[in-house]
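Breakdown of the fold
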Amino acid sequence: MSTTATVHQTKWWSGGKSPFNLEYGKLMMWYFLMSDAFTFGAFLISYGAIRFSQNFWPDPNAVFNAFPGMGHQNLPLAFVSVMTFILIISSVTMVLAVHAGHNQNKNGVIKWIAWTIVGGLAFLSCQAWEWHHLLTGGHGVLVDGKIQMAVQNMRGNPWGKLVENTTALTAALNNTPHETLVQLIHFHDHTKTLQELAAMPDTQLRGMIDLAEMHIREKGPVAFGGYFFGITGFHGFHVFSGVIINSIMLIMTKKGVFERKGHYLMIEKAGLYWHFVDLVWVFVFLCFYLI
Amino acid sequence: MDHQQDVVSPEITFQHQHSDADFRKRVRKTTIILSILTAIELGFGLTIYTIHKGENPNPTLVLMFKGMISILTLAKAYYIVSVFMHLGDEIRNMIMTIVVPLLLFIWFITAFIYEGNSYKNLRNRYDPHFRETMMPSQHHKADTAVKTQGGKE
Amino acid sequence: MSEEMNTPQEVVTTHEVHHDEHHVHHHKETFITKYIFSQDHKTIGKQFLITGIIWAIIGGLFSVLFRLQLGYPDQHFPILETFFGHWAKGGQIQPEFYYALITMHGTVLVFFVLTAGLSGTFANLLIPLQIGARDMAAPLLNMLSYWFFFMASVVMVSSLFISTGPAAGGWTVYPPLSALGQASEGSKLGMDLWIVSMALFVVSSLLGGLNYISTILNMRTKGMSMTRLPLTIWALFFTAILGVLSFPVLLSGLILLLFDRNLGTSFYLSDIVVNGQVLPNEGGSAILFQHLFWFLGHPEVYIIILPAMGIASEILSVNSRKPIFGYMAMVGSLFAITVLAFLVWAHHMFVTGLNPFLGSIFVLLTLLIAVPSAIKVFNWLTTLWRGNIRFFPSTLFAIGFVSLFISGGLTGIFLGNSTIDIHLHDTMFIVAHFHIVMGVAGMFGMFAGIYHWFPKMFGRYLNSTLGYIHFWVTMIGAYLIFWPMHYEGLAGMPRRYLDKSSWVSFSQFADLDRMITIVSILVFAVQLMFVFNFFYSIFKGRKVTSQNPWGSNTLEWTTPIRPGHGNWEGEIPEVHRWAYDYGKDGREFIPQVEPIGANESTH
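These numbers were taken from a predicted model, which means no experiment stands behind them.

Here we come to the domain arrangement of chain A. All names here are of chain A. Split into domains, chain A comes out as domain 1 (22–58 + 76–133 + 222–290) and domain 2 (140–214). Domain 1 and domain 2 are separated by 40 Å when their C-alpha centres are compared. Contacts between the two partners involve seven residues from domain 1 and, on the opposite side, nine residues from domain 2. For the domain 1 and domain 2 pair, buried surface summed over both sides reaches about 650 Å², with 72% attributable to carbon and sulfur atoms. The largest share of the area that domain 1 buries against domain 2 comes from Phe56, Val222 and Phe229, three residues that together contribute 59% of it. Between the two partners, domain 1 and domain 2, sit zero salt bridges. There are zero residue pairs in polar contact (both at pLDDT 80 or more) connecting domain 1 and domain 2. Partitioning the side of domain 1 that touches domain 2 into residue classes produces five nonpolar, two polar and no charged.

The geometry of an aromatic ring pair is captured by the separation of the ring centres together with the interplanar angle, meaning the angle of the planes. All names here are of chain C. Counted under the stated rule, the structure contains 97 aromatic pairs over all chains. A centroid spacing of 5.4 Å and a plane angle of 20 degrees characterise the contact between Phe48 and Phe149, whose relative ring orientation is stacked. Placement of Phe48 in helix α4 (residues 41–71) and of Phe149 in helix α7 (residues 139–160) is noted, with a sequence separation of 101 residues between them. The pair formed by Phe48 and Phe149 is uniform in burial state, with each residue classed as buried. A cation over an aromatic ring shows up here: Arg542 above the ring of Tyr461, its NZ or CZ 4.3 Å from the ring centre.

Turning our attention to empty space enclosed by the protein. Residues and elements named next belong to chain C. Tallied over the full model, the rule gives 13 cavities of 30 Å³ or more. Its volume calculated, the second largest cavity comes out at about 180 Å³. In this structure, the second largest cavity is lined by 19 residues; those nearest its centre are Thr115, Ser119, Ser205, Gly209 and Tyr212. Those elements that provide at least two residues to the lining of the second largest cavity are α6 (95–131), α8 (189–218) and α9 (231–262). Taken together, the residues that form the lining of the second largest cavity break down as nine nonpolar, ten polar and no charged.

Take the environment of Met156(C) next. Residue and element names in this part refer to chain C. Inspection of the secondary structure puts Met156 in helix α7. Residue class for Met156 comes out buried when judged on its relative accessible area of 0%. When neighbours within four sequence positions are excluded, Met156 is seen to be in contact with Trp55, Met104, Thr107, Phe112, Trp194, Ser197 and Met198.

Definitions and limits used
Residues numbered from 1 in each chain as written. Chains lettered and ligands numbered in written order. Predicted model: local features only at pLDDT ≥ 70, side-chain atom pairs only at ≥ 80, totals over all residues. Heavy atoms only, no water. Domains from an automatic or database assignment. Contact = heavy atoms within 4.5 Å. Buried area = accessible area lost by both parts, 1.4 Å probe. Salt bridge = Lys/Arg side-chain N within 4 Å of Asp/Glu carboxyl O. Polar contact = N/O pair within 3.5 Å; in protein donor to acceptor, adjacent residues only side chain to side chain. Nonpolar A, V, L, I, M, F, W, Y, C, P; charged D, E, K, R; others polar. Phe/Tyr/Trp six-rings, centres within 6.5 Å; stacked < 30°, edge-to-face > 60°. Helix = DSSP H or I, 4+ residues; strand = E, 2+ residues; numbered from the N terminus. Buried < 20%, exposed > 50% of the residue type's maximum accessible area, 1.4 Å probe, protein only. Lys NZ or Arg CZ within 6 Å of the ring centre and 35° of its normal. 1 Å grid on protein atoms, 1.4 Å probe; cavity = no way out; pocket = protein on both sides within 12 Å on 5 of 7 lines; lining within 4 Å. Points joined across faces, edges and corners; volume = space filled by probe spheres on them.

This is how it looks when you write it as structure tokens:
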């Protein structure tokens, strides 16, 4: 079988040279990335089409304004810029890994690809935090004359227009059930436990609520969540598979596979993929967070 | 195996020469450029945010900033592809096989966005419910409250 | 993997050694490595072809079944109930069954037969052989491409046997029907399986397409410049580009559809009431799916027709013993068609509520396709003109292809105009149009290719007498089936309806529909005869005795009659000229490997 494998895997070539001065694997990686660019492109363009078909779209600065450990402070764009820089830096370390491969510098490859993996994992952790924050951290939304606690998920968006009609809000507050009142207050004020709040009568709870501070909104466009989680999820999946690929590269480098082969072309291909992931993020960043 | 570096594959006839110092300089330069571009983007993003907070947000101004951010993003994409992915070092025909198909995105984006917009106009005209519930009467003003908003964690 | 350390430059210098080795292992290859998990592009091509044939029989049978319903809406066929149980209660095809049949007929024929079976077969078989390469760039991925196709097939077949039946919302699976399980039987599990199957199919097509592109670009033999490539290769090259750039968009669209079905998102859904129940979905756009679908869907029809064009060009030139007329114009028009294929998708959606101004741009772009198409037709006809034509079955099918392409293409000009399309949309006219120009023409290209390259594939000939019968019955049958549909469509008869007998205005077509049904059964029977011919000839056909039975210039005929893995014994031949030196300087043909003579005339 091993001899058959020789026949199968030998690169027969008698055309003299590659017209593109590239080995076929890298060429295929490039065209794969082209194709993947169309997958992402289709997602982002669909998102654009839907966004243009809506009269209202949530302001990203209002949606993405939290930072881990900073509580309720309003820090628009802060966390996502950290994520962006993590990915840019991991792209740089990948470039250095590829370069070390050019120089047949095994230890250099190991060092830089390990840092790239760290960067990828850091990015994924950030994304996990952000998703968790959006999926669990809700706020009050006015629905059908009642106030509800709503979170950002695939089926609903709580970032609609801000309700400024105070009379409507006051009326809605009177229709709002006990549990929601408890949640609303607990959300803004951690001084009392849920049990303590639950024991209080509705009238007292209503008295504790400052409607102007609650910033009750209407429901926003449902598609926002679907596209946000769908596209960042698909991108996260790419980051994840990139981390896996880089880990395999790391192990293969450590085992000296490329050293024996005499070239580190596989690292270059993995590098192309990783940079593509970074590239996609640049556009996701643009479409979801900036504009 | 004692190959020379320039024969890693029979398909490759010449190897791009990167002198180490040159290369490091280029990577450093590109990293700085990317960081600065991102910083400017964030600056513009926050500018849009402050414009929204103001009394009379100017939609044209917002649109202008968004346009500038998009252009900066394209510049970032250019640097990543051309320097980090080494596409700039490839021969011209290779670059063309990548760049030319990307031109399809122009019509792809234009048609989809135009169509999305037209769908909105149709619904605003024929679907009063859609128009009433989703029309942003005071959209820009609505976000002024964001600065103090904290009810999310 | 470890064997990859076999250094490449060794390979270049020690071809002979490898070649000898190659013969040694021939005996060591087991049945499984040689016929099942083979990495030899020729075997993979045959696998695609045979799987495609099986699918074609299934898909064709579906069409016979629903034609039976259309031709005899009031008749009962108890045998149907025997086979299909409650799907054909009382021997009559039930509506759900009918919709499942047309959906599966479309899906199977478009994707599994005319994409995988056509370009999968001929790209695998011809690309390495005609450009002078030992195999594809990445044989392993190439093998995986087939096996992903196989898995897609398995999933699709399995959907035929579940209790709620396969997808039944039409091959275009438009939401909301396809997105809501409660909407119909065929929108339940069958639809999920359809999506999974198509996702696997996209992976298969991607693996194949990337391989084809890099092989053609990177692995041509010495002297085989791009402008010396046979037109088959050019066509397959553009087909692969179309696939690589457009299938991912379908994948995106299907992923969103899957989310809408299973996660409660609202990408395509808005303001929907099913059985009196108001759904919470809001803000999506069903038209968005159509845009995404047709961004693939339109290139897809060129994925089907381009390989057929390439095959027809090659066969017409070989068998009329004349150089192809206007080689560069042929390449240019293939390129133009490829570019336009990406720009015209919304002409399938003129009546959806598409913005009319946008529609008018799509009309303009669509009508532009007539230009490269007309160039191609003109060049095929002038290639035949005053040629010394050898009427083999392959030639006849290639000529039939041209005929069908003309008659089907002309009705495309009707449909490309949005104003006329408002009348013709979703009528039998459109069924006639795309079946002639894409379906039957694609099949004809495939048949021509099979008759022409069967000797290369199996070292034997197909039976010509059966081939002639096959051609004439199919040709006449195709026109008898689809030509009358134009009249039905112009009269406004809708497609996809299972019983039109309640319309008085269409009762005049009852006899016509019955005739179409009878002819389609006949044509289907003749296809079965072809399948018999195919399998019989693999084992018992007349043996090929000469290396170059058709007197053809291209490189595949310089290989041994039954080439092993690696194609050429010894060095890969060098190419010195283009592929179309037929009837030049008093010689019938000059193979590509022959150096340019001292006194040779120039073109």
